[in-house]
Amino acid sequence: MKTIVSVHPWDGSFNKAIMNTIIAKWEKENTPYQIIDLHKDNFNPIFTEEELSVYHKGEHLDPLITKYQEILKETDTIIFLFPIWWATLPAILKGFFDKVMLYNFAFSYSSDNNLVPLLNIKKSYLITTSAGDTEMFRTPIESFIQMTLMRVGINDTEWLNCQNVVYGGEEHRKEFLKQILERV
């Protein structure tokens, strides 16, 4: 199963156009897919004191987390679709990893205290948009891939960024959508 994690709050965004392009391709190909739309789901990325009281046990109190974990168990290809804000991923996506990628679901520990990935997502894409040039964001994105995705078992990540999305113009965005259709 393919899954898109959508992280943009505005339906009129270019991120939404990217998602619609991918969905149209998958529907044409009869590819099964699921969408996790963090904003439409009203996902709360902030821990409460009660949530933190069970976190260390790998437990949670939010039914959305159960839903998301069930989706992730069925996922073999995942797309994280988000704008780069302040040189990194939006806070709601960070909260998704904090609250959903729990101990004994996404990772465990080896006898020498190293993380052991528990998910088995074979292919992943980070599809991002940015106002600046791609190279400005390479370090934080590569760190996210190595220190977060790989450590929970989200593998073979390809990063595609539509740089200068605000100033690039309509033709620039159309070219990026073509690239997405070829890669995803």
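Okay, so let's go over this structure. (Residues numbered from 1 in each chain as written. Predicted model: local features only at pLDDT ≥ 70, side-chain atom pairs only at ≥ 80, totals over all residues. Heavy atoms only, no water.)

**Some points on the overall build of the chain**
Regarding its fold elements, the chain presents six helices and seven strands. What you see in the chain, going N to C, is helices and strands ordered as β-α-β-α-α-β-α-β-β-β-α-β-α. Counting across all 184 residues of the chain, residues that qualify as buried make up 47%. Sequence separation of 24 or more characterises 77% of the internal contacts of the chain that already satisfy a separation of 6 or more. Computed over 18 positive and 24 negative side-chain charges, the separation of the two mean positions in the chain equals 4 Å. (Helix = DSSP H or I, 4+ residues; strand = E, 2+ residues; numbered from the N terminus. Buried < 20%, exposed > 50% of the residue type's maximum accessible area, 1.4 Å probe, protein only. Contact = heavy atoms within 4.5 Å. Lys, Arg positive; Asp, Glu negative; His and termini not counted. Charge placed at Lys NZ, Arg CZ, Asp CG, Glu CD.)

**As for the side chain of Glu51**
Mapped onto the fold, Glu51 is located in helix H2 (residues 49-55). A polar side-chain atom of Glu51 sits 3.1 Å from a polar atom in the side chain of Lys99. Those residues within four positions of Glu51 in sequence are excluded, and the remaining contacts are Ile46, Leu61, Asp62 and Lys99. (Polar contact = N/O pair within 3.5 Å; in protein donor to acceptor, adjacent residues only side chain to side chain.)

**Examining the packing of aromatic side chains**
For the structure on display, the rule yields 12 aromatic pairs. Pairing Phe80 with Phe97 gives two aromatic rings, centres 5.5 Å apart and planes at 40°, and the pair type is tilted. With Phe80 in strand E3 (residues 77-83) and Phe97 in helix H4 (residues 91-100), this residue pair connects regions lying 17 residues apart in the sequence. Taken individually, Phe80 and Phe97 each receive the classification buried, so the pair is uniform in this respect. Of the aromatic side chains, those joined through ring pairs into one cluster are Phe43, Tyr68, Phe80, Phe96, Phe97 and Phe144. (Phe/Tyr/Trp six-rings, centres within 6.5 Å; stacked < 30°, edge-to-face > 60°.)

**Regarding H4**
Two residues of an α-helix separated by three or four positions point the same way, owing to the 3.6 residues in each turn. Burial analysis of H4 places seven of its 10 residues in the buried class, the great majority of the element. Of the surrounding secondary structure, the elements contacted by the buried residues of H4 are strand E1 (2-6), strand E2 (33-37), H2, helix H3 (63-74), E3 and helix H5 (138-152).

**Here's the deal with the pattern of salt bridges**
Scanning the entire structure with this criterion turns up 12 salt bridges. Salt-bridge contacts for Lys73 lead to Glu70; the nearest nitrogen and oxygen are separated by 3.1 Å. In this pair, Lys73 and Glu70 both sit in helix H3, three residues apart, roughly one turn of the helix. You can call Lys73 exposed: its relative accessible area is 54%. Between Arg183 and Glu158 there is a salt bridge; the shortest N-O distance is 2.4 Å. Here the residue Arg183 occupies a position in helix H6 (residues 169-183), and Glu158 occupies one in strand E7 (residues 157-162), the gap between them amounting to 25 residues. Since its relative accessible area comes to 39%, Arg183 is described here as partly exposed. One salt-bridge network, held together by shared partners, links Lys123, Asp156, Glu158 and Arg183. (Salt bridge = Lys/Arg side-chain N within 4 Å of Asp/Glu carboxyl O.)

Take it as geometry only, folks, not as evidence of what the structure does.
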